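Listed below, chain by chain, are the residues.
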Amino acid sequence: MSKRKVLLTTVFRPFSVPNKFNLPDDEKFLDYFSNRLTRERGLFVLHDNHPTVAPHLIACNLQSDVTVMETPTIIEFTDELKKGYDVLGISFLTLHFPKLMHMIALARKYAPQMKVVIGGFGTALHDLERLDVDGICHGEGVRFFREFLGEAVDSHIDHPLLTVDVRLRLALGYPALGSRKMGIIVNGFGCPHACEFCSTSAYFGKRHVPFVATGKHLYELMAHYHRMLGIHEFIIYEEDFFLYRRYIDDYLQYFRERPAPFSFACYSTVKALSQYPLEDLVRAGLSHVWIGVESVQSPFNKSNGKPVAELFTELQNHGVTTTGSIIAGLDHQTRKNLPNEFEHLASLFPSTVQISNLIAGPETDLRSRLEREGRLRPDVDIRDSHLYSDIVIHPEFSRGELRGLIFQGYDFIYQSIGPALYRMLATWHQGWKNLHISADPLLQMRSSILAGRVRALAPVFLETEEFLPNDVIRSRVANLMSEIERLNGAWTHAERREAKRISKVFNQEKVRLERDGPFVYEPDTRITYYGEGEASNAVQKLVPQQIPRVTVVDKRRPLMLF
Amino acid sequence: MNSEIAPVIRNIFSRVQKLSPEDVSFDVDLFAVYGLDSLKAAKLLSHVEVEFDILLPDDDIRTLHTLNDVVALVDRIKKRSQQEGICHV
């Protein structure tokens, strides 16, 4: 039997054109940094070009020949459909449901014999069986597709090499400014904390689905990225990375035996982080952690442990940057106490922040409760399903009010503790100050990494004081820069040259912004082939990226590398 | 009624509703008589848009009650597209 041909795709672009598929500003939801973590006025905003991970994970683990398309245009998608695929998989989010409908109709017209499968978080919506698709992948996709295609379900699991570039958003117009490349690691899905609002927890049945089997495998995956791509910084996707004690102990042990300059960003909770001496985690590469603070009076079990302020301070003292996220619209919040939430968040000095509306996603316990209480707005546009959607009726806040307050909250953070990029720099410097005097060789290595980061980022602030939000922040940045120079050595000629170049770009961008307004970001079409199929099927105007199959993680046997 | 558009709409509707094309009436209320709901309506209109290579504006969609309305709207949008020389998709 010949190999099956599978096309896995995201929904189509554009995202920036308001029409029946997009609301105004939809393209911002593609940008993790500028829409969420560094959502602030000014020019210090970051941007990333994050790939859609799930289709790659699935493609990498099928025997069939798989093409992964990310953000194609409708024409590109339609052209691809005509190439004779056996199976089409479309990954979508709730807000992209209208695009999904359109793509299914296109598939039925241009490839009527092809099986159509839908997947992604959008499948938490009800009644999708009535779309007449051939399969709905709800939850973990590798097993689903292996079963669907009749492949061996329990064969080993590979991890694709996926990267993301993080840069200043304004570098979209000035590409010479450079970026930082990070490797993406999907460590596991789902979360047993089962916070009532959490869509990912609900989506995976409130249980943990491991993907990278052991701490040793995680280390080997990092080492593989390093060997293949020279990358030593990673984002680890796992809802609460430090929750799984045996796994982490395994990783720490393996790392201690083979020290490496790896750094990783991850998601965790106060509860999980409180289990460990922080130095152990820092030695092993912890460099950034996202903590769901949620509220001053967090009602969630995951918040039990060290006092949150103490934990953030301890992290920063070790040079670990942080993301602090809070939710606006929780039951106990009022117009009077909501500003306290923003002040509390600012007091933690997180490097980046996320302030979101309370979202009652499909399948969550929160949604069930609010339905019972009659507190879901009945007339919400399905496209308006994102972090800032106003779908919950709160007795204290009128419609749309919370969204406005959230954006005020972001502005409060920016005005009171400065740009996220400055907060990162300050945290790295703080960590360097504390770690470089340590006798521990692994902490010494961390201090060298932090010093390198400080010196690389500092030129951004050397000649851009006029772009900072106010005089208080200008003074803090000036003090920080003086201290870095005093403790860490005078600015080199190269750093001063770089500072001048950045200052010039900032000034050019200021003029351009006044003339043209903000950049509108539209992602490129990305096509990746997995397997040994006919890569010549590529749409000629696009550049395919051939990724070899790599055996990186094997859940059942001792690791066979590479 | 446009004689090129109507049969196509009839076929799409019969597929979506799993009806024989002969059982499809153009002048009855889609929601009251055929039990069309929002999901089925979205499905129907997606197939119509793809078949005719047009996009139906949301404001116009809200005014649709019968298949005659759908045929008239498609006819109008197609003519407008041809006049403007654009493809809506």
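Criteria and thresholds
- Residues numbered from 1 in each chain as written.
- Chains lettered and ligands numbered in written order.
- Predicted model: local features only at pLDDT ≥ 70, side-chain atom pairs only at ≥ 80, totals over all residues.
- Heavy atoms only, no water.
- pLDDT = per-residue confidence, 0-100.
- Helix = DSSP H or I, 4+ residues; strand = E, 2+ residues; numbered from the N terminus.
- Phe/Tyr/Trp six-rings, centres within 6.5 Å; stacked < 30°, edge-to-face > 60°.
- Buried < 20%, exposed > 50% of the residue type's maximum accessible area, 1.4 Å probe, protein only.
- Lys NZ or Arg CZ within 6 Å of the ring centre and 35° of its normal.

Comments concerning the confidence of the model for chain B
Here's step 1: Predicted confidence across chain B gives a mean pLDDT of 89, with 93% of residues reaching 70 or more.
Here's step 2: The secondary-structure element of chain B with the lowest mean pLDDT is helix α3 (residues 58-61) of chain B, recorded at 86, while helix α1 (residues 5-17) of chain B shows the highest, at 94.

Considerations on unusual backbone geometry
Residues and elements named next belong to chain A.
Here's step 1: In the segment running from R13 into P14, the intervening peptide bond is cis, with an omega of 5 degrees.
Here's step 2: Within the fold, P14 resides in the loop between β1 (5-9) and α1 (32-37).
Here's step 3: Phi at E294 takes a positive value of approximately 70 degrees, unusual for a residue other than glycine.
Here's step 4: Its identity is not glycine, yet F349 carries a phi of approximately 50 degrees, on the positive side.
Here's step 5: Structurally, F349 can be placed in the loop between α12 (338-347) and β15 (352-357).

Points about the packing of aromatic side chains
Centre distance and the angle of the planes are the two values used to describe a pair of aromatic rings.
All names here are of chain A.
Here's step 1: According to the stated counting rule, one finds 31 aromatic pairs over all chains in the structure shown.
Here's step 2: Both rings, one in F44 and one in F506, keep their centres 5.2 Å apart while their planes meet at 55 degrees; by these two values the pair is tilted. Of this pair, F44 sits in the loop between α1 and β2 (46-48) while F506 sits in helix α19 (residues 493-516), and the two are 462 residues apart along the sequence.
Here's step 3: F44 sits in the buried class, given a relative accessible area of 0%.
Here's step 4: A relative accessible area of 0% means that F506 is categorised as buried.
Here's step 5: Taking 6.3 Å as the distance between ring centres and 80 degrees as the angle between the ring planes, the aromatic pair formed by Y388 and Y410 counts as edge-to-face. Here Y388, found in the loop between α13 (365-372) and α14 (401-417), pairs with Y410, found in helix α14; they are 22 residues apart in sequence, far enough to count as distant. In terms of burial, Y388 and Y410 fall into one category: buried.
Here's step 6: Here the aromatic cluster, defined as three or more aromatic residues joined through ring pairs, consists of Y219, Y225, F234, F241, F242, Y247, Y251, Y254, F255, F262, F264 and Y276.
Here's step 7: The positively charged end of K82 is found above the aromatic ring belonging to Y110, 4.9 Å away from the centroid.
Here's step 8: Directly above the ring of F15 sits K99, whose terminal nitrogen or CZ lies 3.9 Å from the centroid.

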